[in-house]
Amino acid sequence: MTRRVVITGLGIVSPVGKSPGEFFGNLMSGHSGIKHLQTDFIDQLSIRIGAPVDNFNPGEYFSKIQLSGIERFSQFALVAAAQAVQDAQLELSEAEHPRAGVYMGSCLGGAGTLEDGYIEVFKRDSPRIKPLSVLLSMNNAAASHLSIKYRLQGQNITYATACSSSAIAVGEAYRQIKHGYADVMLAGGAEAMLTLGAMKAWEALRTLALEDPHDAGASCKPFSKNRSGLVLGEGAAVLVLEDAERALKRGAKIYAELAGYDCSSDSSHITKPDAAGQTRTIINALRDARLRPQDIHYINAHGTATLAGDIEETKAIKQAFGAHAIDVPVSSTKSMHGHLMGATGAVEFMAAVLALHHNAIPPTINLHEPDPECDLDYVPNQGQSDVKLDAVMSNSFAFGGSNAVLIAKRHIS
Amino acid sequence: MSSLQTIQRMMVDQFDLKLEDLKPDAQLESLGLDSLSVIEFMFNLEDELKIKLPDERVEIKTIQDVADIVDKIVAEQKGSPQ
């Protein structure tokens, strides 16, 4: 017998907001967090735009002693988790700590520390690097800090599946509760890879968006005829997932029920996405949620604005939804917050959950001339308020062919 | 000359500690510094004072312990032939 899983707390640090309210408000108003980067290595970049978390002062949240052991991506994760735990009014009894875990996603972990270390050794010929470099940079640092801070003594896993990392972290956390391995899970992702090395690597792959000549904020153009690729961002999102019975018993506020999830592999190509693989994942997630395509009232797309990606995702939605594809609003909020890599799955699922919660659909901005091959309703430029949403879907389709789809629905006990 | 004052100043800067709490017999642990913070601090001391601390583990419990190790190394390095 399986259990129902609900979402009771949200926390986020993102390029368009450092709280769920600010984040969703900015999405609805079409506010872009993509900009010309202010860094000391800007001259070494060919593509100089990104979606940074501006005005993040670690000293507001951590002491200097703490900061010596907590890297930027972990800082984001801890701040987001604190919001989520507070939002959920989460308290664990002694007996519950071993039944509570944390699953996070991250691609590069402590990228900044890694880079500092390489500079010290290879550029400055230094005989040693920062002593805590391993602990700062390891991919599981964020999850470990969460586990320590909240005494989450259950499962503690960090997923590295490229762009689907945190969607998979959330989905696997849902499965842990659904199948009785845990009662409470913190799940999400964190990424802080706006470093010189990481950005040069992405530049070399020729998949980054060219800067819009008139407005840097308009550079990410999902589904648009003149789209040119993705924009790198940073941030973290953490959700509190709970066994529904536990949540109801304590009178918790419930945002939504996490109703369905699937992950799978294209097994096709290391970068080129495959509609067939994505379709399979969408259909399986619907089956897991026991919902039909027409029950989904909004899809938060993966929508990276790459040439191939947007077309394949459009095909996949059409194949999975059939005649209903044209009726479901689909938007890519990456047009505003950028691609947060290991954190993006959780960030976008949170956008979908907030859409459900507020009965409002955020737009795909910068969509003035759609690609003829992308002909669904992408909610161009203007969000939709006062809609009635009962179930929402969030897609994450990653390099390596890793696909993840999450479905949330209005909770009815 | 004792490195105590340099050590105290660096601790104020690096850890936001209060000078009045940094008495020579103050226990590092009670100041909120765990073993990792101490390792990090010793490395910064090496950079600041241009010394090389010994690789072998030495018991460091108080601020005076830190000063003693540093003073010993500084004296040795001054006395060693060029």
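Residues numbered from 1 in each chain as written. Chains lettered and ligands numbered in written order. Predicted model: local features only at pLDDT ≥ 70, side-chain atom pairs only at ≥ 80, totals over all residues. Heavy atoms only, no water.

Peer 1: Could you clarify how one ought to interpret the pattern of salt bridges in this entry?
Peer 2: In a structure, side chains of opposite charge can pair up when their charged atoms sit close to one another. Residues and elements named next belong to chain A. In the structure shown here, the tally under the stated rule is 32 salt bridges over all chains. The shortest N-O distance in the salt bridge between Asp288 and Lys178 comes to 2.6 Å. Taken together, the positions of Asp288 in helix α10 (residues 275–289) and Lys178 in helix α7 (residues 165–178) put the pair 110 residues apart, joining distant regions of the chain. When the shortest N-O distance is used, the salt bridge between Lys315 and Glu312 registers 3.0 Å. Here Lys315 pairs with Glu312, and both are found in helix α11 (residues 307–321), just three residues apart, close to one helical turn. We classify Glu312 as buried; its relative accessible area is 11%. Within this structure, Arg3, Arg99, Asp183 and Asp243 form a network of salt bridges that share partners. (Salt bridge = Lys/Arg side-chain N within 4 Å of Asp/Glu carboxyl O. Helix = DSSP H or I, 4+ residues; strand = E, 2+ residues; numbered from the N terminus. Buried < 20%, exposed > 50% of the residue type's maximum accessible area, 1.4 Å probe, protein only.)

Peer 1: Would you mind showing me how to read the nonpolar core here?
Peer 2: Across soluble globular proteins, nonpolar side chains have a tendency to be buried as a group. All names here are of chain A. Ranked by internal contacts, the top residues of the largest apolar core, which has 51 residues, are Ile7, Phe23, Val170, Leu239, Leu241, Leu258 and Phe349. At 10 residues, helix α13 (residues 344–358) tops the list of elements feeding residues into this core. Ignoring anything within four residues of it in the chain, the contact list for Phe23 reads Ile12, Ser14, Val16, Gly17, His337, Val347, Ala351 and Leu354. Of all hydrophobic cores here, the second largest spans 32 residues; its members include Phe62, Phe73, Val102 and Ala236. (Core = buried A, V, L, I, M, F, W, Y, C linked by side-chain atoms within 4.5 Å. Contact = heavy atoms within 4.5 Å.)

Peer 1: Just checking my understanding: could you explain the sheet that holds strand β14 (residues 402–409) of chain A for this structure?
Peer 2: Strand pairing in a sheet takes place through backbone hydrogen bonds and is either antiparallel or parallel in direction. All names here are of chain A. Overall, mixed pairing links the 10 strands, which are arranged β5-β4-β6-β7-β1-β8-β14-β13-β9-β10 in an open sheet. Each edge of the sheet is formed by a strand with only one pairing partner; in this case those strands are β5 (156–159) and β10 (330–331). As paired elements, strand β1 (residues 5–13) and strand β8 (residues 256–265) share three bridges and run antiparallel to each other. Each residue of the ladder has a partner; that of Ile7, found in β8, is Ala256. Along the sheet, helix α3 (residues 72–88) makes contact with β1, β4 (100–105), β6 (184–191) and β7 (235–243), crossing β1 at roughly 135°. (Pairing = 2+ DSSP bridges. Axes fitted to C-alpha atoms, helices over the stretch in contact; angles between N-to-C directions.)

Peer 1: Help me understand the interface of chain B and chain A in this model?
Peer 2: Interfaces are frequently sized by the accessible area removed from exposure as the parts join. If you look at the interface, chain B gives 15 residues, while chain A gives nine residues. Contact between chain B and chain A buries roughly 980 Å² in total, counting both sides, with carbon and sulfur atoms accounting for 61%. Three residues stand out in chain B for area buried against chain A, namely Leu36(B), Glu40(B) and Phe43(B), and they jointly supply 49% of the buried area on that side. If you look at where chain B meets chain A, you find three salt bridges. Residues Asp16(B) and Lys64(A) are paired through a salt bridge, measuring 3.5 Å at the closest nitrogen-oxygen approach. Along the contact surface separating chain B from chain A lie four residue pairs in polar contact (both at pLDDT 80 or more). Within the residue set of the side of chain B that touches chain A, elements represented by two or more residues are α1 (4–15) and α2 (35–49) of chain B. The leading source of residues in the side of chain B that touches chain A is α2(B), at seven residues. Looking at the side of chain B that touches chain A, its residues break down into seven nonpolar, three polar and five charged. (Buried area = accessible area lost by both parts, 1.4 Å probe. Polar contact = N/O pair within 3.5 Å; in protein donor to acceptor, adjacent residues only side chain to side chain. Nonpolar A, V, L, I, M, F, W, Y, C, P; charged D, E, K, R; others polar.)

Peer 1: Even after reading the chapter, I still don't get unusual backbone geometry, so can you show me in this structure?
Peer 2: With glycine set apart, most residues show a phi of negative sign, and most peptide bonds adopt trans. All names here are of chain A. For Arg290, which is not glycine, the phi dihedral falls at a positive 55°. At Met341, a position not held by glycine, the phi torsion is positive, near 50°. Within the secondary structure, Met341 sits in the loop between α12 (334–337) and α13.

Peer 1: Teacher, can you tell me more about the pairing of β6(A) here?
Peer 2: The two faces of a sheet get side chains in turn, since along a regular strand they alternate between them. All names here are of chain A. With respect to burial, β6 is a largely interior element, eight of its eight residues being buried. Inspection of the sheet shows β4 paired to β6 by six bridges, in the parallel sense. Looking across to β6, one finds that Met104 is bridged to Gly188. With eight bridges connecting them, β6 and β7 associate as antiparallel partners. Across the sheet, residue Gly189 finds its bridge partner in β7, namely Ala237.

Peer 1: So what exactly am I meant to see when it comes to the pairing of β1(A) here?
Peer 2: Residues and elements named next belong to chain A. Counting buried positions along β1 yields nine of nine residues, so the element is predominantly enclosed. Inspection of the sheet shows β1 paired to β7 by eight bridges, in the antiparallel sense. Its bridge partner lying in β7, Val6 is registered against Glu242.

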